[in-house]
Structure formats: structure tokens, C-alpha cells
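Coordinate inspection notes
The residues making up each chain are set out below.
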Amino acid sequence: MAAETNSNLLEQAKPRINAMAATALTVALVALGATVALGLVVGTGPMFRSLLIGYMMPFGLAMGSLVLLMIQWCTAGYWGYVLRSPLEAGTRTLPVWGLVFALIALGGLTIFNLRPDYHPENHHEELNVVSSEKLWPWADHELVEHLHHHEKLVVEEKLGYLNVRFFAVRAAIAFSIWIVLALLLNRVARREEAEGTSQKLRDLAMQYSGPGIVIYSITMLFISTDWSMSLQPIWYSSMFPVIFGFGQLLGALCLNALVYVMLRSGIEDLSTGRNKKLMRDLGSLILGFVVFWTYISFSQYLLIWSTNLKEEVPFFIARTNGGWEYVTAALVFGQFVIPFFVLLLRDVSRSGKWLARVAGFILVMRFIDLYWQMKPAFRPGDFNFFSLETVMDLAAGAGLFSLWLFVFLRQLVRFELLPVNDYRKATEPVHTVSDDVEVAGSHG
Amino acid sequence: MGAAPAKMASFGLLAEFDNPQALVDAADRARREGFVKMEGYSPFPVEGLREALGQKRTLMPVAIFFGGITGTITGFMLQTLTSGGLPAEWDAWIPFNQWFSYRLNIAGRPFFSWQAFVPPMFELTILFAAFTAVFGMLAINGYPRLNHPLFEVPEFGRASVDRFFLCIESEDKLYDNEKTREFLKNLKPLTISEVPA
């Protein structure tokens, strides 16, 4: 049983984790090097855009880890016990990841375009597109000056909120809050490790987690608006922060399912006992999350489609034309149809191998979803898979993801993979019948 | 193996237990012994009982799935056929495309506005899936049969309160009134009752 092989597991999995971390670091260095090299060819403006898009996926994994960690403290459940340590490791990446954001944002707002003569070729005024000299177009005042009358009015009204100083303050406050939450929850974990579990410690963790989930929702409302929605400063959608934040949960859950299976394959049997139950639970959770993602994403589309407002509709026009319609279709199938039908099959969610495949697939789709959310802001109705810019987007995405994975895996090996003193440690399923019993007709 | 006349005489043998674990253990033993036609009865779902009884999965999930798909298609047809059919370019492939056209003009949107059709399609998917689940459940429980031989056993009333029952049915190939009763005795139940057919 899992609990007995506790410290054994870390010892057995350690070489594997360290090897994965080393690979991740190599990939990160190569891919980020390629991004910078391509940036010098294609333009540093597009490079910062690639980095911002690539940043969102690992950022979402870190934040999703924090929320799932808080949720499992509040809801209990066996999945929380086995995923707690990786989730805590995920939250410990937040300080580094705050620094990475500061670097990207600083570059994007200062040295953004090292070659001012460079302009993205397709400039569709009618699609609210802006060829900006800053990573976030509202920061480029000259550009705002030259917008059409109506659009200018809309954006100027928003400048009281969308200005660099206030933007930086919001980001700093948000990161401080998240890092403090992560520190508090990690401190509870360390205390539990040292002192043993107690109702007092659990209450403490719940006192952090309950309000923490609310604080996360509020901060993510601002952060998703600032970092992603404001790339199209005229557009707005009240559903967008929900999609953005919930995508983080889905991504973090899939990453943890994947990590769980990868670390244990060959060490533990995933198809029996507690693991079997856990695989089923994780499969059901991912299925539920996938359905909810579809619900909120389609709601946004349906509302914008039926309202048909000049400020909102360009968002979808930009994503259903000039090559983007294929990405949209890929998202519909890859993030909903395929995972939904595959996870409906009960055998799939009971087999660790297949669960890991589905989780890995959804993780790839998470990147495509974020790419779909952000990239058309810079290239509305214009998607060319075989262009240096797309290659640079992919390189930046792979590079930043691998960099985050390296930090995450280094944090993962610091403490036990299963919390040694968790209160759920002793909880056993009510009864498990061994499946290997031969049924022999030996009666009479 | 079993005595043929005894098979006709009763529905089966019913063993009573006072906790879920005892029932699961008993079912596990019975399955290993080779019994197939048996059923467990408990006031609440007991974890592991189905595996212990060696029960196969029912086909209900598959039926519910297709019930849901039927709902989706119904929802789609219901709205498409009553609002001008598919766009005109489909006329060549679908002869009846515009037979039921009412051409409802809603806020000047296209007649075939699939985006707006999705919520009713979703609702009908859920409705048809739920109907399949409920009526399918009644069907596989033998509805409209309202009586069951087990109701003849007075002790069985507590199956919905605080007792757990294992019934080995006489249809089982290994069933033998005396030998099966001996076997059940070894499981140390509170009572063993013969269920009249």
C-alpha cells in the first residue's frame, strides 16, 4: 500500500525526477536560446509577445497548484492526500515565476521594439487591431492618439485603470498575496511534518484556504484583465477571467495526474487498491473540469454572438478567419470532444497509462487555448503555421514551460512525495476485493 | 450436481448479516465457492459488494449514452427543421431540407443559427439521458412486476433499515438445498431463511 512505501517512493523516484529536471533544463536553455535568436531575426517586439504567451501556461500551472491545494484543504478527499506534495512544490515556484514576469513585463514596456522600423504587416483597423510599440497596446500613448474616434474614446476612458504604474502595483500586490499564501500553506505542511497532524493545524490550513480561494478569484479577475484581456483594449468579456482562472485549475490537475503516473510507473501498481480508486477519481475530476471549461467557453461565445456588439464581436472575427478557424476547431475537438468521449469510457480513467495520456493531451491543449486567447490580439484573422513567428511562439512556449518544470521538479524532490503525517494517511477504502482470485467451481 | 426437485421448491436461501463487512466477506466466499446466481441486499450502497458478488457491469451506461445522443439529435432537428432547415447549399444533398420551414426571423439572425440551438440541444441531451436512466432502471428491475419472492420472508423487511442479506438463488448450477444451507451456516449469519418460490 502507498503509505507503507512512503519514504521508499521518494528514494526510488528521485533519480527519475532528477533526470527529468536535467532534461527540462536543457530543453529550456535550447528553446529560450532559439527564441532570442529568432527574436533578432523576426523582431524583438514579436519575441516579447511570444514570451508573454509562453509565460501564461506555466504561470497557470503554478497558480492552479495553489488553488487546488487550497481546495483540497477545504474539501478533504483522498486525492488531496496524494497530490498535496506536488501541489505544494508547484506553489513554491511562484517567487521565481514572479521574477520571470517582472523581466518580461519590464522588457515589453521599455525595450519592446529594438528595431522601431519593424511593423507587423497586417494592420486591420476594422478589427480593433493595433500595431503597438509596447507589449500592451494601451501603454503606447501615441497609438491611442491615432485610433479611430469611437475606439479612441473607449480606450481613453480605460486609461485611468490601464496605465503602467497602476498595472505594476496590481501585479506586485497580486504576487505578494499569492506568495504569502503559498508560504503559509507550506509552513503548515512543514509543521505537520515535524509535529504530526492535529485538528489545530488542519483548522489553520482551512483558515488560510477558505479565504484564499476567494482572494485568488478576486486577484485573478484583475490579473487576467491586465495581462491578457487588455491586449485587446477595446474588447471586454466578463466571462474571460473565469475561463482564464479555471483553465489554470484544469492545467494544474492534468499536470499532477501526469506527474503522479509518471513517478510511479514501474514502482507501484496503479491498477489495484487505492491507486485504482484514485485513478477513477482523477479521471472523473478531469472530465468534470473539461465539461466546465466547455460550458464557460461556449457561454462567452454564445453571449458575444447573440449580443453582436461592435466592441465584442471582433474578438471572434479575429479567431474565425485567415487560418485561425483551424485553431478554433482544434480547440473544440482537442479540449472538449476528444477528452470528453475518451474520459466517458470508464476503463480509460481506471488505467494509469491512459489517464496520463489524456492528461498530457489536455496539457498541450491548454497551451493552444492560451495561444488562441492571446495571439490573435497581435495577428487577428491571420494565422500561418509555417512562419518564423509561429516557430518562435512555440519555442518560447516550450522554453518557459521547461524552465518552470525544472524549478518545479527541483522543488518536488525536497520533501516526501506523500505527506508523512497527513490525517488521510490511514484512511483505507471500506473494502477492496482482490481481483486476482480465481473463481473455481468446487462446490459439492 | 444439485438435487433437481429442490430447485423447483424454493426461490433460494437468504442469509442475514448485521454489518456490511460481513455481507461483503460472505459474498466474496460464495463467489470463490463458485456461486453465480446470487444477490446482495443492503440499506445503503456497500463498497466492494458488487465486485464481491462477481457482478458484471450492466449495459445501462451505454444505453444512457445513446439516449443522450438521441436527445442531441432531437434537439437539433427540432430547431433546424422548424426554422428553415440547414443553409440552402445543403438542399442538393438533403431533399427534405426545407419541408418544414417556418422561417422564423429572430432579431434578423440567420435562420440556421446553430449557436442559439446549442442550449436546447444540451437540455434535451440531459433530459433523454435521464429518461433512459430512470426508465431503463425500472425495466431492468423487472417493472411492472411489483412483487418479489423475497418479500415473503419476514426478516427481509429490515433490508431497508439495518440488516444486510445475501441470497443464493435456486437457479444457480451449484445450488443444493442442504449443501448450500451448510455453506451459508459456515458464514455465521444471524438467520438463514428459505425463500418460497
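Before reading on, note that the structure itself is shown above.
Residues numbered from 1 in each chain as written. Chains lettered and ligands numbered in written order. Predicted model: local features only at pLDDT ≥ 70, side-chain atom pairs only at ≥ 80, totals over all residues. Heavy atoms only, no water.

The next point concerns the overall build of chain B. Across its full length, chain B holds 6 helices and 4 strands. Each helix and strand of chain B, ordered N terminal to C terminal, gives the series α-β-α-β-α-α-α-β-α-β. Relative to the compact-globule value of 16 Å for 197 residues, chain B shows a C-alpha radius of gyration of 26 Å, a clear excess of over 25%. Here chain B holds 197 residues, and the buried ones make up 37% of them. If you take every contact in chain B between residues at least 6 apart in sequence, the share linking residues at least 24 apart comes to 74%. Measuring between centres, the 18 positive side-chain charges of chain B sit 3 Å from its 21 negative side-chain charges. (Helix = DSSP H or I, 4+ residues; strand = E, 2+ residues; numbered from the N terminus. Rg over C-alpha atoms; globule rule 2.2 N^0.38 Å. Buried < 20%, exposed > 50% of the residue type's maximum accessible area, 1.4 Å probe, protein only. Contact = heavy atoms within 4.5 Å. Lys, Arg positive; Asp, Glu negative; His and termini not counted. Charge placed at Lys NZ, Arg CZ, Asp CG, Glu CD.)

All names here are of chain A. The first and last C-alpha atoms of helix H12 (residues 324-344) sit 29 Å apart over 21 residues, in line with the 30 Å expected at 1.5 Å per residue. The largest bend in H12 comes to about 30 degrees, at Phe333. Of the residues making up H12, those classed as buried are Trp324, Val327, Thr328, Leu331, Gly334, Gln335, Pro339, Phe340 and Leu343. (Expected span 1.5 Å × (residues − 1). Bend = angle between axes of the 7 residues up to and from the residue.)

Our next topic: the packing of helix H2 (residues 44-75) of chain A against helix H14 (residues 352-378) of chain A. All names here are of chain A. Direction vectors running N to C along H2 and H14 enclose 145 degrees, while the axes themselves pass 10 Å from each other. When the axes of H2 and H14 are compared, the crossing they make is right-handed. Listed contacts from H14 to Arg49, Leu52, Ile53, Gly54, Met56, Met57 and Leu61 of H2 are Leu363, Arg366, Phe367, Leu370, Tyr371, Met374, Lys375 and Phe378. Classifying every residue of the contact of H2 with H14 gives 11 nonpolar, 1 polar and 3 charged. (Axes fitted to C-alpha atoms, helices over the stretch in contact; angles between N-to-C directions. Left-handed = near helix turned anticlockwise from the far one by under 90°. Nonpolar A, V, L, I, M, F, W, Y, C, P; charged D, E, K, R; others polar.)

Next up on the list: the environment of Lys37 of chain B. Residues and elements named next belong to chain B. Along the chain, Lys37 falls in the loop between helix H2 (20-33) and strand S2 (38-41). Overall, the relative accessible area of 41% leaves Lys37 in the partly exposed class. Residues Lys37 and Arg57, spaced 20 residues apart in sequence, show a C-alpha to C-alpha distance of 15 Å. When sequence neighbours within four positions are dropped, the list of residues in contact with Lys37 reads Cys167, Ile168, Glu169, Glu171 and Asp172.

Right, let's get into the packing of helix H10 (residues 273-307) of chain A against H14 of chain A. Residues and elements named next belong to chain A. Relative orientation of the contacting elements H10 and H14 amounts to 25 degrees, with a least axis distance of 11 Å. Considered as vectors, H10 and H14 are oriented roughly parallel to each other. Two packed elements cross with a definite hand, and for H10 against H14 that hand is left-handed. Touching Met279, Leu282, Gly283, Ile286, Val290 and Trp293 of H10 are Gly352, Leu355, Ile362, Arg366 and Asp369, all from H14. (Parallel < 35°, antiparallel > 145°, perpendicular 65-115°, else oblique.)

This brings us to the sheet that holds S2 of chain B. All names here are of chain B. Across the sheet, which stays open at both edges, the 4 strands sit in the order S2-S3-S1-S4 with antiparallel pairing between neighbours. In this open sheet, the two edge strands, each paired with only one partner strand, are S2 and strand S4 (191-196). Pairwise comparison of adjacent strand axes, ignoring direction, gives a mean angle of 20 degrees for this sheet. Here S2 pairs with strand S3 (residues 164-169) via 4 bridges, running antiparallel. From the neighbouring strand, Tyr41 faces S3, where its bridge partner is Phe165. Here H2 sits on the sheet and contacts strand S1 (10-17), S2 and S3; the angle it forms with S3, its principal contact strand, is near 20 degrees. The strands touched by helix H6 (residues 177-186) within the sheet are S1, S3 and S4, with S1 carrying the most contacts at an inclination of about 10 degrees. (Pairing = 2+ DSSP bridges.)

Residue and element names in this part refer to chain B. Of all 6 residues in S3, 6 are buried; the element is thus mostly enclosed. The side-chain alternation of S3 yields two buried faces, one formed by Phe164, Leu166 and Ile168 and the other by Phe165, Cys167 and Glu169. Bridge count for S1 against S3 is 6 bridges, and the pairing is antiparallel. In the strand pairing of S3, Glu16 is matched with Phe165.

With that settled, the discussion passes to the side chain of Thr93 of chain A. All names here are of chain A. Mapping Thr93 onto the fold places it in the loop between helix H3 (78-91) and helix H4 (94-109). Judged by relative accessible area, Thr93 falls into the buried class, the value being 0%. Here Trp404 takes part through its side chain, which lies 2.9 Å from a polar atom of the side chain of Thr93. Excluding anything up to four places from it in sequence, Thr93 contacts Ala62, Trp404, Val407 and Phe408. (Polar contact = N/O pair within 3.5 Å; in protein donor to acceptor, adjacent residues only side chain to side chain.)

Residue and element names in this part refer to chain A. Inspection of every chain in the model, using the stated rule, returns 50 aromatic pairs over all chains. For the ring pair Trp136 and Phe167, a centre distance of 4.7 Å and an interplane angle of 55 degrees mean the geometry is tilted. With Trp136 in the loop between H4 and helix H5 (141-145) and Phe167 in helix H7 (residues 164-195), the pair connects residues that are 31 residues apart, well separated along the chain. Their ring planes at 85 degrees and their centres at 5.1 Å tell us that Phe340 and Phe341 sit as a pair that is edge-to-face. The exposure class of Phe340 is buried, given its relative accessible area of 19%. Positioned over the ring face of Phe166 is Arg170, at 4.4 Å from the centre of the ring. Seen from the ring of Phe315, Arg319 lies directly overhead, with NZ or CZ sitting 3.6 Å from the centre. (Phe/Tyr/Trp six-rings, centres within 6.5 Å; stacked < 30°, edge-to-face > 60°. Lys NZ or Arg CZ within 6 Å of the ring centre and 35° of its normal.)

It is worth spelling out the pattern of salt bridges at this point. Residue and element names in this part refer to chain A. Enumeration according to the criterion identifies 21 salt bridges over all chains in this entry. We note a salt bridge from Arg170 to Asp226, for which the minimum N-O separation is 2.4 Å. With Arg170 in helix H7 and Asp226 in helix H8 (residues 199-227), this pair connects stretches of sequence that are 56 residues apart. On the basis of relative accessibility, which here comes to 8%, the residue Arg170 falls in the buried class. Residue classification places Asp226 among the buried residues on the basis of a relative accessible area of 0%. When the shortest N-O distance is used, the salt bridge between Arg366 and Asp369 registers 2.9 Å. (Salt bridge = Lys/Arg side-chain N within 4 Å of Asp/Glu carboxyl O.)

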